[in-house]
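A structural walkthrough
Listed here are the chains, written in short residue letters.
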Amino acid sequence: MNLTALDELVELRAMAEAELLCAHYETYTPVRFVLIMVATVIASLGTIGNILLLIVFSAKQISNTPATLYPSVLACLDFAICFEYILLFGVDALVSYLKIESLFSLYYVYIVPAYVMARITQLAIPYMLIFATLERLFWTSKNKSNLLKAFHSTTGRHITVIVSLIMCILLRSPSAFAIRVDEYPKCPDFFRTKTTNPREWALESQLYHFFDFQVMTIAQTLVPFVLLVGLNLIIVRRMCSDSVQKEKLPEPTEVCFKEDRLLTQITPVHKSSTTIGLSFPPLKSMSPAVRSAVFTMAAIVTSYLISNILHLSLTVLERSGHQILKSEEDPQMSSTFHTFFSDLVSFVYMFTSAIRIVIYYLCNPKIRGDLIDFFANRKNAVYL
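Residues numbered from 1 in each chain as written. Predicted model: local features only at pLDDT ≥ 70, side-chain atom pairs only at ≥ 80, totals over all residues. Heavy atoms only, no water.

1. Considering the state of the cysteines
By definition, a disulfide links the sulfur atoms of two cysteines through a covalent bond. Going through the model one piece at a time under the given rule, you end up with one disulfide. Shown here is the disulfide that connects C22 with C187, its sulfur atoms set 2.0 Å apart. Between C22 and C187 the sulfur-sulfur dihedral comes to about 95 degrees; the bridge is accordingly right-handed. Highlighted residues: C22 in the loop between helix 1 (3–21) and helix 2 (30–58) and C187 in the loop between strand 1 (179–183) and strand 2 (194–198), separated in sequence by 165 residues. Exposure class is identical for C22 and C187. Each is buried. (Disulfide = S-S within 2.5 Å. Helix = DSSP H or I, 4+ residues; strand = E, 2+ residues; numbered from the N terminus. Buried < 20%, exposed > 50% of the residue type's maximum accessible area, 1.4 Å probe, protein only.)

2. Some remarks on the packing of helix 3 (residues 69–98) against helix 6 (residues 154–172)
Where helix 3 contacts helix 6, the axes come no closer than 10 Å and their chain directions differ by 25 degrees. Overall, the two elements helix 3 and helix 6 adopt an arrangement that is roughly parallel. Considering the relative orientation of helix 3 and helix 6, their crossing is right-handed. Residue-level inspection shows L69, Y70 and V73 of helix 3 in contact with helix 6, the latter providing R157, H158, T160 and V161. Residues that form the contact of helix 3 with helix 6 fall into these classes: four nonpolar, two polar and one charged. (Axes fitted to C-alpha atoms, helices over the stretch in contact; angles between N-to-C directions. Parallel < 35°, antiparallel > 145°, perpendicular 65-115°, else oblique. Left-handed = near helix turned anticlockwise from the far one by under 90°. Contact = heavy atoms within 4.5 Å. Nonpolar A, V, L, I, M, F, W, Y, C, P; charged D, E, K, R; others polar.)

3. Remarks on unusual backbone geometry
Backbone geometry at K99 places phi at a positive 60 degrees, although glycine is not the residue there. With respect to the secondary-structure elements, K99 resides in the loop between helix 3 and helix 4 (101–139).

4. Points about a nonpolar patch on the surface
The grouping of I159, I162, V163, I166, M167 and L170 at the surface amounts to a nonpolar patch, some 560 Å² of accessible area in total. Of note, I159 is situated in helix 6. (Patch = residues over 30% accessible without salt bridge, like charges linked within 9 Å, V, L, I, M, F, W, Y side chains within 5 Å. Areas by Shrake-Rupley, 256 points an atom, 1.4 Å probe, with all protein chains shown as cover. Salt bridge = Lys/Arg side-chain N within 4 Å of Asp/Glu carboxyl O.)

5. Topic: the pattern of salt bridges
On inspection of all chains with the given rule, the structure shows five salt bridges. Across the pair D78 and R356 runs a salt bridge whose closest N-O atoms are separated by 2.9 Å. Of this pair, D78 sits in helix 3 while R356 is found in helix 13 (residues 356–363), placing the two residues 278 residues apart along the sequence. On the accessibility criterion, R356 (4% relative accessible area) is buried. Among the salt bridges present, the one from R180 reaches D182, with a minimum N-O distance of 2.9 Å. Overall, the relative accessible area of 29% leaves R180 in the partly exposed class. Given a relative accessible area of 15%, D182 falls into the buried group.

6. With respect to the confidence of the model for the chain
Residues of the chain with pLDDT of at least 70 account for 70%, and the chain-wide mean is 76. Predicted confidence is poor over residues 62–66, with pLDDT under 50, and the contacts of this stretch with residues over four places away or in other chains come to six contacts. Per-residue pLDDT stays below 50 along residues 252–283; that stretch engages in 90 contacts with residues further than four places along the chain or on separate chains. (pLDDT = per-residue confidence, 0-100.)

7. Quick notes on the environment of L52
Along the chain, the position of L52 falls in helix 2. What makes L52 buried here is its relative accessible area of 12%. Note: C-alpha distance between L52 and I357 (305 residues apart in sequence) is 8.5 Å. Once residues lying within four places of it in the same chain are set aside, the contact partners of L52 are I357, L371, F374 and F375.

8. Structural notes on the UniProt feature "transmembrane region" (unreviewed entry) in the chain
In this numbering, the UniProt entry assigns the feature "transmembrane region" (unreviewed entry) to residues 33–57, 69–88, 108–134, 155–173, 213–236, 293–317 and 337–362. The distance from the first to the last C-alpha atom of residues 155–173 is 27 Å, and the span holds 95% helix and 0% strand. This span, residues 213–236, is 100% helix and 0% strand, and a straight line between its end C-alpha atoms measures 33 Å. (UniProt positions renumbered as here; feature names shortened; annotations may be inferred.)

9. With respect to the nonpolar core
Core analysis: the biggest nonpolar cluster contains 62 residues, and L53, M128 and M350 have the highest contact counts within it. Ranked by the residues each element gives to this core, the list is headed by helix 4, at 20 residues. The contact partners of M128, leaving out residues within four places of it in the chain, are Y70, V73, L74, L77, V161 and S164. Membership of the second largest hydrophobic core comes to eight residues, among which are L310, L314, V345 and V348. (Core = buried A, V, L, I, M, F, W, Y, C linked by side-chain atoms within 4.5 Å.)

10. Looking at the packing of aromatic side chains
Applying the stated criterion across every chain yields a total of 15 aromatic pairs. Between F190 and F191, the ring centres sit 5.4 Å apart and the planes meet at 85 degrees, which makes this aromatic pair edge-to-face. Taking relative accessible area as the criterion, F190 reaches 31% and is therefore assigned partly exposed. Through successive ring pairs, a cluster of aromatic residues spans F104, Y107, Y108, Y110, F190 and F191. A cation over a ring is seen here: R32 above Y28, with NZ or CZ 3.9 Å from the ring centre. (Phe/Tyr/Trp six-rings, centres within 6.5 Å; stacked < 30°, edge-to-face > 60°. Lys NZ or Arg CZ within 6 Å of the ring centre and 35° of its normal.)

Structure (structure tokens):
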């Protein structure tokens, strides 16, 4: 063996030892950095938008307005998911691309609690949507039992929110004990001296694997989607039926359900003679309020479905250890596909929460009016 070959062998061994001493990492290309920064700006706007929604909902707590507890809690959760995106992804991009040592150290101080809070938030959001949808269903029901009235009373709403949030915390709390920050003090690259890894018991426990994957997939993805689709279809069905029935009255009057913040007002249809059978009437035969409810339901449920299907697909790939997720050149690095796909999943989750105020504004005339009034009042105050 000549000296050149020997030198190359020594260099390869040194590189291999360095890899073992350093943490797994993901590269940030200029394109990826710019995209993450754009997403971080959207998340920042989402935090502001959800705070604004919370202010609008809180300002309308008077006797002749509908309850806004569920939308208010949902706005808080949407704010949390946007803020957590900034902490987990925006800061990570700044650290990895700009090489800020102090920010790197701070990032690994809060990474585990921020990650656990993000998982709790992801689980809680669909159930707040379900409770809000059940409330819409209640207000569109003609026969209201005493049990349903108690469930949708002020006390019932508070109990429902508290119990559901406690359950979400309990279900996701094992994540806090299943992940840790590992340090690699001998690594020559400072920005690869720390990373997060699952604990040994989490890797070895079949029970935890079953709970964290199968059970939580059903609880977070399948059950909420089925309930949201089913409940919203029932609501739209009732609204279509009411709209057609109002057409037959000699002097149609406006019908306003108490939950108009989530349902919008229903006005009679004047140009449709469609009867309600086993299928929905044509979209053109619906009143504007009915169409608004249809579009709101479609936007929320579709965005929820997309984000959860993407998340489920990524989880299956990661749990199976598929080779498509690893770089062919360096097994310690994530593949381009894994990096792009994980970024996409995280962005879609955040984006559906960030644009909630846009969906409300476009599809709900009542909330649109409240937002316009809010800005008009702020403008007058600044002028004065």
